[in-house]
Every structure is written in structure tokens, then in C-alpha cells.
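Residue strings, one per chain:
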Amino acid sequence: AQSVTQLDSHVSVSEGTPVLLRCNYSSSYSPSLFWYVQHPNKGLQLLLKYTSAATLVKGINGFEAEFKKSETSFHLTKPSAHMSDAAEYFCVVSVYNQGGKLIFGQGTELSVKP
Amino acid sequence: DSGVTQTPKHLITATGQRVTLRCSPRSGDLSVYWYQQSLDQGLQFLIQYYNGEERAKGNILERFSAQQFPDLHSELNLSSLELGDSALYFCASSVGSYTDTQYFGPGTRLTVL
């Protein structure tokens, strides 16, 4: 079975400092992995996705994630946080051979302090 | 704006009632997905349709049903509503499935009183 685990339910950073949101995955197959962001009272927006091409994936708004098979991790990073980055972030895996079914992690709430 | 539309934005109803949520996918997308987001269960996949046919099923209750029409819009029907069905219901669409990016609508917030 495939699953994702977000290691932190809440992360707080100061504006201008780096962001690290951690995600571990479990998959018997080569996974397709995504990070989505949800701003308050908004829908979900795709930040980036990994589909077995380059292991370092660049996304929107300066975010990037590195797929590390040996560590079964797909951590999301950003060099410098902005106030507008405050939101809920979800690490997501696409289930192999089940259409487009996505399995979401529990989410990490990112707070950015001035 | 993802291009996926959902109506209504908010729905307040009573236990035992039946409601219908509607989703219009992005132009050109053949797949429609339904997800439920609640505080206790998080975001859970309910069901996927591809070009009118059911493609994948998740933890969808028997009281819930969905369909995708020839014009590709989809409806999620929730019946015999319970307090625990209160949640945010998202629709997403993609061109095909599996590795394709899913674009999410703004959601319908359902409150069951």
C-alpha cells in the first residue's frame, strides 16, 4: 500500500528564513509525488510534482523538493519565507494502478512571523 | 483560478436530508475526482470518473453516489445526511489520470445541523 507521512503538523519560521517541510512516503512502486498548498478558505493549488524525471523538482513561488529514494523522503524547501507563504501544505502520493487516486498526508501548517 | 467550478459554495441542511453538489471540470479535462476534507479524517479521496465511467473508488459511503454526464460535468449526491457528513467537498479534474496534475475547485462547504 502507498502512503505519505508528514512529520510536522505545524512549522513556524520568521520571514526571510528558510522553510523545510518534511514528508516521507511508502510505496512498492516508483511513486508520483506532489506538494499542494491550501490557503485559508481556498482550494488546493499544486506547488510541484515528481514523476520519475529529475530528482530535484522546482515548483512555483520559489519552492522546490528533492526526491530521495534511499531515504523515502520528499521534503519541501524554500530559501526565504514570505508572509504570503503562511498556509497548509500537503504531501501527496498518486496510487499506482488505481486511476488518479491521490493519498494526502495530514498536512503541515506553516506560520510565518514578521 | 484553477478553471474548475463548484456549486454551491455553501450548503446548510438538516440531518436525514439529501443534497447534490455540482462540479464543472476544466475545458478539455476528461477526469473528475471528488474529495472530502474534514477535521478528523483529513483529505480523503471519494471517487473518480473518466469520460463518464467510474475509474476508481475510495472510502465513499453507500449513502453517497456520483455520476459524470456526457458534457463531463459531475454531481455528487449525498443522502440520509448525518452530522458527521459536515465537511468541505472538493472536486478536481485532470486530462487523464495517474500522473496528471489534478486541478482543484474552490470546494463546497456542507454543514449538517
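What comes next concerns the included structure. (Residues numbered from 1 in each chain as written. Chains lettered and ligands numbered in written order. Predicted model: local features only at pLDDT ≥ 70, side-chain atom pairs only at ≥ 80, totals over all residues. Heavy atoms only, no water.)

1. Topic: the overall build of chain A
Here's step 1: Helices and strands together make up the secondary structure of chain A, namely 0 helices and 12 strands.
Here's step 2: Over its C-alpha atoms, taken along the principal directions, chain A stretches across nearly 45 × 30 × 20 Å.
Here's step 3: By the burial criterion, 44% of the 114 residues in chain A qualify as buried.
Here's step 4: Residue pairs in contact within chain A that sit at least 24 positions apart in sequence constitute 55% of those at least 6 positions apart.
Here's step 5: Charge centroids of chain A, computed over 9 positive and 8 negative side chains, lie 6 Å from each other. (Helix = DSSP H or I, 4+ residues; strand = E, 2+ residues; numbered from the N terminus. Buried < 20%, exposed > 50% of the residue type's maximum accessible area, 1.4 Å probe, protein only. Contact = heavy atoms within 4.5 Å. Lys, Arg positive; Asp, Glu negative; His and termini not counted. Charge placed at Lys NZ, Arg CZ, Asp CG, Glu CD.)

2. Concerning the nonpolar core
Here's step 1: Grouped together as the largest cluster of nonpolar side chains are 26 residues, with contacts concentrated most on Trp35(A), Phe74(A), Leu76(A) and Tyr89(A).
Here's step 2: In terms of residue count, the dominant contributor to this core is strand β10 (residues 87-94) of chain A (4 residues).
Here's step 3: Of all hydrophobic cores here, the second largest spans 20 residues; its members include Leu21(B), Phe64(B), Leu78(B) and Ala87(B). (Core = buried A, V, L, I, M, F, W, Y, C linked by side-chain atoms within 4.5 Å.)

3. Concerning the packing of aromatic side chains
Residues and elements named next belong to chain A.
Here's step 1: Per the stated rule, a full pass over the model turns up 14 aromatic pairs over all chains.
Here's step 2: Both rings, one in Tyr-25 and one in Phe-67, keep their centres 5.5 Å apart while their planes meet at 25°; by these two values the pair is stacked. With a gap of 42 residues between them, Tyr-25 in strand β4 (residues 23-26) and Phe-67 in strand β8 (residues 64-68) connect regions that are remote in the sequence. Each member of the pair, Tyr-25 together with Phe-67, is buried. (Phe/Tyr/Trp six-rings, centres within 6.5 Å; stacked < 30°, edge-to-face > 60°.)

4. Some details on the interface of chain A and chain B
Here's step 1: With 22 residues of chain A in contact, the opposing surface of chain B contributes 23 residues.
Here's step 2: Between chain A and chain B, a total of about 1600 Å² is buried, with carbon and sulfur atoms accounting for 55% of that surface.
Here's step 3: Across the chain A-chain B interface, the total number found is 0 salt bridges.
Here's step 4: Seen at the junction of chain A and chain B, the total is 3 residue pairs in polar contact (both at pLDDT 80 or more).
Here's step 5: Looking at which element gives the most residues to the side of chain A that touches chain B, the answer is strand β5 (residues 32-38) of chain A, with 4 residues.
Here's step 6: Here the side of chain A that touches chain B is built from residues that sort into 9 nonpolar, 10 polar and 3 charged. (Buried area = accessible area lost by both parts, 1.4 Å probe. Salt bridge = Lys/Arg side-chain N within 4 Å of Asp/Glu carboxyl O. Polar contact = N/O pair within 3.5 Å; in protein donor to acceptor, adjacent residues only side chain to side chain. Nonpolar A, V, L, I, M, F, W, Y, C, P; charged D, E, K, R; others polar.)

5. Points about the pairing of strand β7 (residues 64-68) of chain B
All names here are of chain B.
Here's step 1: Of the two faces of β7, the one lined by Phe-64, Ala-66 and Gln-68 is fully buried and the one lined by Ser-65 and Gln-67 carries no buried residue.
Here's step 2: The pairing of β7 with strand β8 (residues 74-78) spans 5 bridges and is antiparallel. Directly across from Gln-67, in β8, lies its bridge partner Glu-75.
Here's step 3: In textbook terms, the turn of a hairpin is the stretch between consecutive antiparallel strands, and for β7 and β8 this stretch comprises 5 residues, one of which, Leu-72, has a positive phi near 80°. (Pairing = 2+ DSSP bridges.)

6. Looking at the state of the cysteines
Here's step 1: The full count for this structure, using the stated rule, is 2 disulfides over all chains.
Here's step 2: Note on cysteine connectivity: Cys23(A) is disulfide-linked to Cys91(A), with sulfurs 2.0 Å apart. Looking down the S-S bond of the Cys23(A) and Cys91(A) bridge, the torsion is -65°, so its handedness is left-handed. On the criterion of sequence distance, the pair formed by Cys23(A) in strand β4 and Cys91(A) in strand β10 is long-range, its members being 68 residues apart.
Here's step 3: On the accessibility criterion, Cys23(A) (0% relative accessible area) is buried.
Here's step 4: The partner cysteine of Cys23(B) in its disulfide is Cys91(B), sulfur to sulfur 1.7 Å. Disulfide Cys23(B)-Cys91(B): torsion about the S-S bond near -50°, hence left-handed. A residue pair is termed long-range when its members are at least 10 positions apart, and Cys23(B) in strand β3 (residues 19-24) and Cys91(B) in strand β9 (residues 87-94) qualify at 68 residues. Each member of the pair Cys23(B) and Cys91(B) is classed as buried. (Disulfide = S-S within 2.5 Å.)

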